[in-house]
Amino acid sequence: GGVRDLDWLIDPSIGSSSQETNTLGYYIQSGLDYAGKYIADVVMRTDGSSRFGENERWHNYGRAAASWRMAQEDWWPVEPLTEFKLRYAIGIAGNAPGFTNQYEVWSASGGLPNKSTLGNPNLKPERTIEQEMGIDMILNNKYQLHLTYAKQPTSDQIIQMTLPATSGYPARFENAGEITGTTLEATLEAQIVNRPNFS
């Protein structure tokens, strides 16, 4: 009774684990549309999680997007191009640390304790800032072309770092490193056949 991890028992064939994560978040969102030509969307969010380090419990995120439907302007000169939309969006997201990453972790083998990782109360979630820009076109209400370019740098990556022997622990999880991804997308759609009973 009261033993939360059965690995502490001598019998090596027994094991158990228990995890509990608490999260709380707030957000506000607004969408704007003017004359069906100028469109914007904004979201602001704050998240708290027990998986974030003790000194880093709350983090702010958000998204903003805007588009301009140029083909709806009175001066638009290309009549067959019934839709020509420029769009841009930027958003921030984060991956939470693993359940035990912020804590001092000991393991047990045959009833004997072993130090695994040193705790880190300053451990933050990973942070990705994605920017996306694109063009949407419709020709003669039949052909659609969508072009998108996106870039996603991720900072504060959660990496297990080796520690000096004087710490008494072999490793600790730290926010270190950055990785960047780039995405190019092109989509072409066509309504080759469009009949009342078949498309």
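Look above for the structure.
Residues numbered from 1 in each chain as written. Predicted model: local features only at pLDDT ≥ 70, side-chain atom pairs only at ≥ 80, totals over all residues. Heavy atoms only, no water.

Chemist: Give a description of the overall build of the chain that names residues and reports values.
Modeler: When its secondary structure is counted, the chain shows zero helices and 11 strands. Ordered by position from the N terminus, the helices and strands of the chain form the series β-β-β-β-β-β-β-β-β-β-β. By its C-alpha atoms, the chain is 80 × 40 × 30 Å across when sized along the principal axes. Taken over 199 residues, the chain has a buried fraction of 23%. Taking the intrachain contacts of the chain between residues at least 6 apart in sequence as the baseline, contacts between residues at least 24 apart amount to 58%. Entry remark: accessible area of the chain is about 13300 Å², with carbon and sulfur atoms responsible for 54%. (Helix = DSSP H or I, 4+ residues; strand = E, 2+ residues; numbered from the N terminus. Buried < 20%, exposed > 50% of the residue type's maximum accessible area, 1.4 Å probe, protein only. Contact = heavy atoms within 4.5 Å. Areas by Shrake-Rupley, 256 points an atom, 1.4 Å probe, with all protein chains shown as cover.)

Chemist: Describe the sheet that holds strand S3 (residues 58-69), with residues and values.
Modeler: On the basis of which strands lie adjacent, the open sheet formed by seven strands has the order S1-S2-S3-S4-S7-S8-S11 and antiparallel pairing. Each edge of the sheet is formed by a strand with only one pairing partner; in this case those strands are strand S1 (23-34) and strand S11 (179-190). For this sheet, the mean inter-axis angle between neighbouring strands, taken without regard to orientation, is 10 degrees. Direction of pairing for S1 relative to strand S2 (residues 38-49): antiparallel, over a ladder of 12 bridges. Note that in S2 the partner of Tyr-34 across the bridge is Tyr-38. (Pairing = 2+ DSSP bridges. Axes fitted to C-alpha atoms, helices over the stretch in contact; angles between N-to-C directions.)

Chemist: Help me get a handle on the pairing of strand S6 (residues 112-118), residues and values and all.
Modeler: Pairing of strand S5 (residues 105-109) with S6, which is carried by five bridges, proceeds in the antiparallel orientation. Looking at the pairing, Ser-107 lines up with Asn-114 of S6. Taking the residues between adjacent antiparallel strands as the criterion, S5 and S6 are bridged by two residues, where Gly-110 takes a positive phi near 60 degrees. As paired elements, S6 and strand S10 (residues 171-175) share two bridges and run parallel to each other.

Chemist: Run through the packing of aromatic side chains, naming residues and quoting values.
Modeler: Tallying each qualifying case throughout the model produces five aromatic pairs. Each member of the aromatic cluster is reached from another via a ring pair, and the members are Trp-68, Trp-75, Trp-76 and Phe-84. (Phe/Tyr/Trp six-rings, centres within 6.5 Å; stacked < 30°, edge-to-face > 60°.)

Chemist: Explain the sheet that holds strand S9 (residues 158-162) to me, using residue names and the numbers behind them.
Modeler: Spatial ordering of the open sheet is given by S5-S6-S10-S9, a layout of four strands whose pairing is mixed. Of all strands in the sheet, those bounded by a partner on one side alone are S5 and S9. Taken over all neighbouring pairs, the strand axes of this sheet differ in orientation by 30 degrees on average, direction set aside.

Chemist: I'd like a description of a nonpolar patch on the surface, backed by residues and values.
Modeler: Together, Tyr-34, Tyr-38, Trp-68, Trp-75 and Leu-86 line one region of the surface with nonpolar side chains, adding up to about 530 Å² of accessible area. Here Tyr-34 is to be found in strand S1. (Patch = residues over 30% accessible without salt bridge, like charges linked within 9 Å, V, L, I, M, F, W, Y side chains within 5 Å. Salt bridge = Lys/Arg side-chain N within 4 Å of Asp/Glu carboxyl O.)

Chemist: Which residues make up the side chain of Glu-126, and what values go with them?
Modeler: On the secondary structure map, Glu-126 appears in the loop between S6 and strand S7 (127-139). In this structure Glu-126 is buried but unpaired, with Arg-51 as the nearest side chain of opposite charge at 12 Å. A polar contact is formed between the side chain of Glu-126 and the backbone nitrogen of Ile-158, at a distance of 3.0 Å. (Lys, Arg positive; Asp, Glu negative; His and termini not counted. Polar contact = N/O pair within 3.5 Å; in protein donor to acceptor, adjacent residues only side chain to side chain.)

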